[in-house]
Amino acid sequence: MTKPKVFVSRIIPEEGLAPIRAACEVEIWQDELPPPRDALLTAIEGCDGVLTLLTDKVDDEFLDRAGPQLKVVSNFAVGFDNVDVAACTKRGVAVGNTPGVLTETTADLAWTLLMAAARRITEGDRYVRDGKWKTWGPMLLMGPDVHGATLGIVGFGRIGQAMARRAKGFGMRVIYHDLQRASKAVEAEYDATYMTLDGLLPQADFVSLHVNLSPETKGLINAERLGWMKPTAILINTARGPVVDSMALVAALEAGTIAAAALDVTDPEPLPADHPLIGLDNCLVVPHIASASRVTRGKMASMAAANLLAGVRGKRLPTPVNPEIYG
Ligand code: DGY
């Protein structure tokens, strides 16, 4: 029996590659950088399934080039803003993602960013390495307390709620905003108070973003909303870069409209080394690593493989993004 033909657009952990190799005729993109568009489009021609990353744009052009035999696009991420899901659904192509397995790991990193920005960890490290540490300084690198502060969570899904669990341990007051208000039981579990965004932003000492990227959330944190925040507030973004207007953030950090930002995701992404955000001491940036623990990336790989294999076998994906294709 001929094996299904699949393309995997980067080397992912073996937990995902091993089952794919065993069941499919597979090409794996070997470079550390994503395949350039032309190479991607060539590689997917005639494929039954493609395992994509958030750096691969899946649109009509992609689907045309893959051909009508394409059954599944399995995205190695919980987010899928790189995939035109409606275009896939129209053609009966199943789309899969990796929800759940990265919730706690992503919240760990968001919490790390919150703590690091509050306590000025990267500035302190640079200060020591630059040979500036001459004495104990009573005024040196002071920042706000985390314990007892107010955390504003924007997007109260799985990861937002995982942030609330961490905040509880620090005795913080938790306020949240979401398009849909959480159930009374969830609010009670986290002692979390629902607010409109314009109610939340002026009250929060820390604002942590956990929304999907969509037309509604693109540019959500813009100049006007940054202006509603406290001058002492710290913004944390582990959601998607375009949720924040980058140039408005530069202006707010320079003017002291807010105190600091800590970003795992940026717009553009990657951020060029000469981008104004990188030149700011009150902005901490890491390269989109929120889910990057060994165990979690292994789980994501095995989940993405399970979606890919189910799809090429014509079965329902374990975690479909467009279940409507199954009627
Ligand atoms: C996702 O899964 O959407 C993250 O951004 C990468 O793990």
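Keep in mind it's a predicted model, so treat the numbers as computed, not measured. For every chain, the first residue of the written sequence is number 1, and numbering continues from 1 along that sequence. Where totals are concerned, whole chains, interfaces and linings use all residues; where local detail is concerned, this predicted model gives features only for residues with pLDDT of at least 70, and gives and counts side-chain atom pairs only at 80 or more. Derived side-chain values reflect all non-hydrogen atoms in the structure, with water molecules and hydrogen atoms excluded from consideration.

With a 1.4 Å probe rolled over the protein chains alone, any residue whose accessible area is under 20% of its type maximum counts as buried; one over 50% counts as exposed, and the rest are partly exposed. Numbering of helices and strands runs from the N terminus; a helix is a DSSP stretch of H or I covering at least four residues, while a strand is a stretch of E covering at least two. Where burial is concerned, the two faces of strand β9 (residues 206-209) agree: the one with F206 and S208 and the one with V207 and L209 are both buried. Following DSSP output, two strands are said to pair if at least two bridges run between them. Pairing geometry for strand β6 (residues 150-154) and β9, over four bridges, is parallel. Considered in β9, the bridge of V154 is made with L209. Across four bridges, β9 lies against strand β10 (residues 234-237) in parallel orientation. Bridging across to β10, F206 finds its partner in I234. Seen with its strands pointing away from the viewer, a crossover is right-handed when the path leading from the first strand over the helix to the second is clockwise. Tracing the backbone out of β9, into helix α10 (residues 223-228) and back to the parallel element β10 gives a crossover that is right-handed.

Looking now at the site of the ligand. Nearness is judged by heavy atoms alone; a residue qualifies as near a molecule or strand once a single heavy atom is within 4 Å of it. Taken together, L54, A77, V78, G79, L102, R240, H288, S291 and M300 make up the full set of residues adjacent to the ligand. Polar contact is defined as a pair of N or O atoms within 3.5 Å, subject to the rule that within protein one atom must be able to donate a hydrogen and the other to accept it, and that residues adjacent in sequence are counted only when both atoms are side-chain atoms. For the ligand, an oxygen atom lies 2.9 Å from a polar atom in the backbone of G79. One of the side-chain nitrogen or oxygen atoms of H288 is found 2.7 Å away from an oxygen atom of the ligand. Looking at side-chain class alone, the shell around the ligand contains five nonpolar, three polar and one charged residues. Three categories are distinguished: nonpolar for Ala, Val, Leu, Ile, Met, Phe, Trp, Tyr, Cys and Pro, charged for Asp, Glu, Lys and Arg, and polar for the others, with Gly belonging to the last.

The subject of this paragraph is the nonpolar core. Across soluble globular proteins, nonpolar side chains show a tendency to be buried alongside one another. Here, nonpolar core means buried Ala, Val, Leu, Ile, Met, Phe, Trp, Tyr and Cys residues that are tied together by side-chain atoms lying within 4.5 Å of each other. L51, F156 and F206 are the most contacted members of the largest nonpolar core, which has 57 residues in total. Ranked by residue count, the leading element in this core is helix α5 (residues 103-118), at nine residues. Three or more residues apiece are contributed to this core by two domains, here domain 1 (5-101 + 294-326) and domain 2 (103-285). Counting 31 residues, the second largest nonpolar core, distinct from the first, contains L201, M229, L253 and L263. How far each domain reaches was decided by an automatic or database domain assignment.

Negative phi characterises most residues that are not glycine, and trans characterises most peptide bonds. The amide bond that connects D267 to the next residue, P268, takes the cis arrangement and shows omega of 5 degrees. Among the secondary structure elements, P268 is positioned in the loop between β11 (260-263) and β12 (283-285). In this structure, P270 follows E269 across a cis peptide bond, with omega equal to -5 degrees. Within the secondary structure, P270 sits in the loop between β11 and β12. Even without being glycine, D191 reaches a positive phi, approximately 50 degrees. Structurally, the position occupied by D191 is in the loop between α8 (184-190) and β8 (192-194).

Turning next to the sheet that holds β11. Reading across from one edge, β8-β7-β6-β9-β10-β11-β12 is the order of the seven strands in this open sheet, with parallel pairing throughout. Looking at the sheet topology across the chains shown, the edges are occupied by β8 and β12. Across the sheet, the axes of successive neighbouring strands diverge by a mean angle of 20 degrees, strand direction being ignored. Summarising the sheet, β6 and strand β7 (residues 173-177) pair through five bridges and their orientation is parallel. What counts as an axis is a line fitted to C-alpha atoms, over the stretch in contact for a helix, and the angles between N-to-C directions run from 0 to 180 degrees.

Now for the domain arrangement of the protein chain. Looking at the assigned domains, one finds that the protein chain contains domain 1 (5-101 + 294-326) and domain 2 (103-285). Computed from C-alpha coordinates alone, the two centres of domain 1 and domain 2 are separated by 32 Å. Facing the eight residues of domain 1 at the interface are five residues of domain 2. We define buried area as the total accessible area lost by two parts upon association, computed with a 1.4 Å probe and summed across both. Surface buried jointly by domain 1 and domain 2 totals about 560 Å² across both partners, of which 43% is contributed by carbon and sulfur atoms. Whenever a carboxyl oxygen of Asp or Glu lies within 4 Å of a side-chain nitrogen of Lys or Arg, that contact is scored as a salt bridge. Applying the counting rule to domain 1 against domain 2 returns one salt bridge. With a shortest N-O distance of 2.9 Å, R240 and D81 are connected by a salt bridge. Between the two partners, domain 1 and domain 2, sit three residue pairs in polar contact (both at pLDDT 80 or more). A per-class count over the side of domain 1 that touches domain 2 returns four nonpolar, three polar and one charged. Every residue pair with non-hydrogen atoms within 4.5 Å of one another is taken to be in contact.

With that settled, the discussion passes to the side chain of Q161. Here Q161 is to be found in helix α7 (residues 158-169). Separated by 3.0 Å, the side chain of Q161 and the backbone oxygen of F156 make a polar contact.

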